[in-house]
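Single-letter residue listing:
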Amino acid sequence: MVKTSRDIMLDALIDWAHQLENAGWKEWQKTRLARTLWFDEPVFFEKNSTSKSFDLPDPINKQHDVIMQYLQLNQTISALRDCEFYFRRYPFRGIHSPRVTYR
């Protein structure tokens, strides 16, 4: 099976993401997610137990911004393809819009 450019790019992104594990990013994301899920349960978390933001080193932060923008574009393409799929299969024939009368 031949890898597409998108597959090669996603593999490179996965390799890049392993750098974030060394910086404590993974633990911070887990804590952030847990705080979101257990927001109404103060028993699980002390107030201010984690910082509200996580600062990556400057070069990694810039790379992260570019990668997030690429992933968002990739997600947009996927969503448009999904729309195309459903619009092709939706039975538009025989659907008449109701007449609107203005007084």
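The rules behind each value
- Residue positions are given per chain, counted from 1 along the sequence in the order it is written.
- With the structure being a predicted model, the display of local features is reserved for residues of pLDDT at least 70 and the display and counting of side-chain atom pairs for 80 or more, all residues being used for whole-chain, interface and lining totals.
- Side-chain numbers here rest on the full set of heavy atoms in the structure, without hydrogens or water.
- Starting at the N terminus, helices and strands are each numbered in turn, a helix being any DSSP run of H or I of at least four residues and a strand any DSSP run of E of at least two.
- Summary of the burial criterion: residues with accessible area below 20% of their type's maximum are buried, those above 50% are exposed, and those between are partly exposed, where the area comes from a 1.4 Å probe applied to protein chains only.
- Should any heavy atoms of two residues lie within 4.5 Å, those residues are considered in contact.
- Each residue carries a pLDDT value, the predictor's own confidence for that position, ranging from 0 to 100.
- Patch rule: a residue counts if its relative accessible area is over 30% and it has no salt bridge; like charges are joined within 9 Å, and nonpolar side chains (Val, Leu, Ile, Met, Phe, Trp, Tyr) within 5 Å.
- Only the protein chains shown count as cover for residues, and the accessible areas themselves come from Shrake-Rupley with a 1.4 Å probe.
- Salt bridges, as used here, are contacts in which a Lys or Arg side-chain nitrogen is within 4 Å of a carboxyl oxygen on Asp or Glu.

1. Some details on the side chain of Asn74
Consideration 1: Here Asn74 is to be found in helix H3 (residues 58-89).
Consideration 2: What makes Asn74 buried here is its relative accessible area of 16%.
Consideration 3: Among all residues touching Asn74, those that are not within four sequence positions of it are Arg6 and Leu10.

2. Concerning the side chain of His64
Consideration 1: As for its placement among the helices and strands, His64 is situated in helix H3.
Consideration 2: For His64, a relative accessible area of 15% corresponds to the buried category.
Consideration 3: Among all residues touching His64, those that are not within four sequence positions of it are Trp16, Leu20, Trp25 and Leu56.

3. Focus: the confidence of the model for the chain
Consideration 1: For the chain, per-residue confidence averages 79 on the pLDDT scale, and 77% of positions sit at 70 or higher.
Consideration 2: When mean pLDDT is taken per element in the chain, H3 scores highest with 89 and helix H2 (residues 25-37) scores lowest with 80.

4. Considering a nonpolar patch on the surface
Consideration 1: Taken together, Phe87, Tyr90, Phe92 and Ile95 make up a surface patch of nonpolar side chains, about 450 Å² in accessible area.
Consideration 2: Within the secondary structure layout, Ile95 lies in the segment after H3.
Consideration 3: A relative accessible area of 48% places Ile95 in the partly exposed class.

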